[in-house]
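# Examination of the molecular architecture
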Amino acid sequence: MAIGYHAERQMKMTLLLREMFDELPHFCRDFFRAIADVTSALTRIGYAYDLRIFFRFLSEECPEFGGKPITAFTAADLAKVTADHLEEFMEYMSYYVVNRDEKRFAEHQNGERGKSRKLSAVRTMFSYFYKRRKIPSNPSELIDMPKIHEKNIVTLEADEVAKLLDEVESGENLTPRQKQFHAYTKARDTAIVSLLLGTGMRVSECVGVDVNHLDFGVNGVKVTRKGGNEAVLYFNGEVEEALRRYLAARGELLAGVKDEDADALFLSLQRRRINVRTVQNLVKKYSALVTTLKNISPHKLRSTFGTQLYRESGDIYLVAETLGHANVDTTRKHYARMDDERRRKAAEFVHLRQ
């Protein structure tokens, strides 16, 4: 019996996290155990990756630790870390090289967002051990988080949305080889892009949708959001039409599908549940035919939906709830530019002299 997409994904992440524990100091397991109930498995995996980089830095770049193996570090070693070490770590993250083996190495660079994320993981760990009195001080409190420069929201204009959907349906400007596959994926790809644009769902939510999550009686689809909460997103008649066309064609893919993927709404040509990378690639493929100035991803389609919803409703709380933002301030920050535009237009309504 299939255990379900989200349950299987959670199990895989849990197993991955356990494997990563073997590459971290043993005392770190107390930290991960403590945050298990307040963080997602994906967040903890991110912390594990970032902390592995931190302890590698201490081992390889700080003479005080004498090349000590990462797994041999103890809480007593953590107590020796100073604010100077952490400042050096911030500089180290700008560019560092990891040796894979004697013949291979990988170069890594981090901008302000990458540095901020890694420092956040380190600060959370230090805070935990300081509160538990495993270390006498918390030097991470002395390090400021990098200043994050907000990026402009990249969205598709109304005419670009129409062109994108036309390209997905027709495949007119695809290469001859792409057109061969388009004959089999046209209905599916149109349904995926329509659903992303029409609901603002995340790509991870999209690939997790099962057939029985659709309810055409209310034109709603059930999704599992970040953190595991379920929500129903509603769609319009255009999205309904695209989904019905795909469902009519989906039956041809069911022959030979594996039991664990039989319930998946969107299937690949290999008759498996479609994955995030495939959706990202198909959005990139079609959007490149519409605009060369914008790098469009599924997340940009989500931003397009949010922007249009805010323009039509002016309700930031509705946008936050529909997009599944846990904090409305996140939504307000992203759409602050639109608020400014609305205020500028308001000034034009006031005339001092007729």
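So, a few notes on the structure that sits alongside this text. (Residues numbered from 1 in each chain as written. Predicted model: local features only at pLDDT ≥ 70, side-chain atom pairs only at ≥ 80, totals over all residues. Heavy atoms only, no water.)

## Some remarks on the overall build of the protein chain
- A count of helices and strands for the protein chain gives 15 helices and five strands.
- Expressed as lengths along the three principal axes of its C-alpha atoms, the size of the protein chain is roughly 75 × 65 × 40 Å.
- When the 354 residues of the protein chain are sorted by exposure, 42% land in the buried category.
- Taking all contacts inside the protein chain whose residues are at least 6 apart in sequence as the whole, residues at least 24 apart take part in 58%.
- For the protein chain, the accessible surface area stands at approximately 20,700 Å², while carbon and sulfur atoms represent 49% of it.
- Between the mean site of the 55 positive side-chain charges and the mean site of the 50 negative ones, the protein chain shows a separation of 1 Å. (Helix = DSSP H or I, 4+ residues; strand = E, 2+ residues; numbered from the N terminus. Buried < 20%, exposed > 50% of the residue type's maximum accessible area, 1.4 Å probe, protein only. Contact = heavy atoms within 4.5 Å. Areas by Shrake-Rupley, 256 points an atom, 1.4 Å probe, with all protein chains shown as cover. Lys, Arg positive; Asp, Glu negative; His and termini not counted. Charge placed at Lys NZ, Arg CZ, Asp CG, Glu CD.)

## Concerning a nonpolar patch on the surface
- Nonpolar side chains collect at one region of the surface, where Y95, V97 and F105 lie side by side and expose about 290 Å² of accessible area between them.
- Along the chain, Y95 turns up in strand β1 (residues 95-99). (Patch = residues over 30% accessible without salt bridge, like charges linked within 9 Å, V, L, I, M, F, W, Y side chains within 5 Å. Salt bridge = Lys/Arg side-chain N within 4 Å of Asp/Glu carboxyl O.)

## Thoughts on the pattern of salt bridges
- Enumeration according to the criterion identifies 19 salt bridges in this entry.
- A salt bridge links R202 to E205; the nearest nitrogen and oxygen atoms lie 2.8 Å apart. A single burial state applies to R202 and to E205, both of which are buried.
- Within this structure, D50, R117 and K118 form a network of salt bridges that share partners.

## Quick word on the sheet that holds strand β3 (residues 214-215)
- Pairing is antiparallel in the open sheet, where three strands are placed in the order β3-β4-β5. The two strands at the open ends of the sheet, each matched to only one other strand, are β3 and β5 (230-234).
- The pairing of β3 with strand β4 (residues 220-224) spans two bridges and is classified as antiparallel. Looking at the pairing, D215 lines up with G220 of β4. (Pairing = 2+ DSSP bridges.)

## Quick look at the environment of A320
- Along the chain, A320 falls in helix α13 (residues 316-323).
- Relative accessible area serves as the criterion here: at 4%, A320 is assigned to the buried category.
- For the pair A320 and L243, spaced 77 residues apart in the sequence, the C-alpha separation amounts to 25 Å.
- In this structure, A320 is in contact with H325, V328 and T331, ignoring residues within four places of it in sequence.

## What to know about the packing of aromatic side chains
- A full pass over the atoms with the stated rule returns 18 aromatic pairs.
- When the centroid spacing of 6.2 Å and the interplanar angle of 75 degrees are considered together, the rings of F216 and F235 count as edge-to-face. Placement of F216 in the loop between β3 and β4 and of F235 in the loop between β5 and α10 (237-250) is noted, with a sequence separation of 19 residues between them.
- With 5.3 Å between their ring centres and 35 degrees between their planes, Y246 and F266 make a pair best called tilted. With a gap of 20 residues between them, Y246 in helix α10 and F266 in the loop between α10 and α11 (276-287) connect regions that are remote in the sequence.
- Given a relative accessible area of 2%, Y246 falls into the buried group.
- Under the relative-accessibility criterion, F266 is labelled buried at 2%.
- Directly above the aromatic system of F73 lies the positively charged group of K68, at a separation of 6.0 Å from the ring centroid.
- It is R244 that lies over the ring of F216; its NZ or CZ is 4.1 Å from the centre. (Phe/Tyr/Trp six-rings, centres within 6.5 Å; stacked < 30°, edge-to-face > 60°. Lys NZ or Arg CZ within 6 Å of the ring centre and 35° of its normal.)

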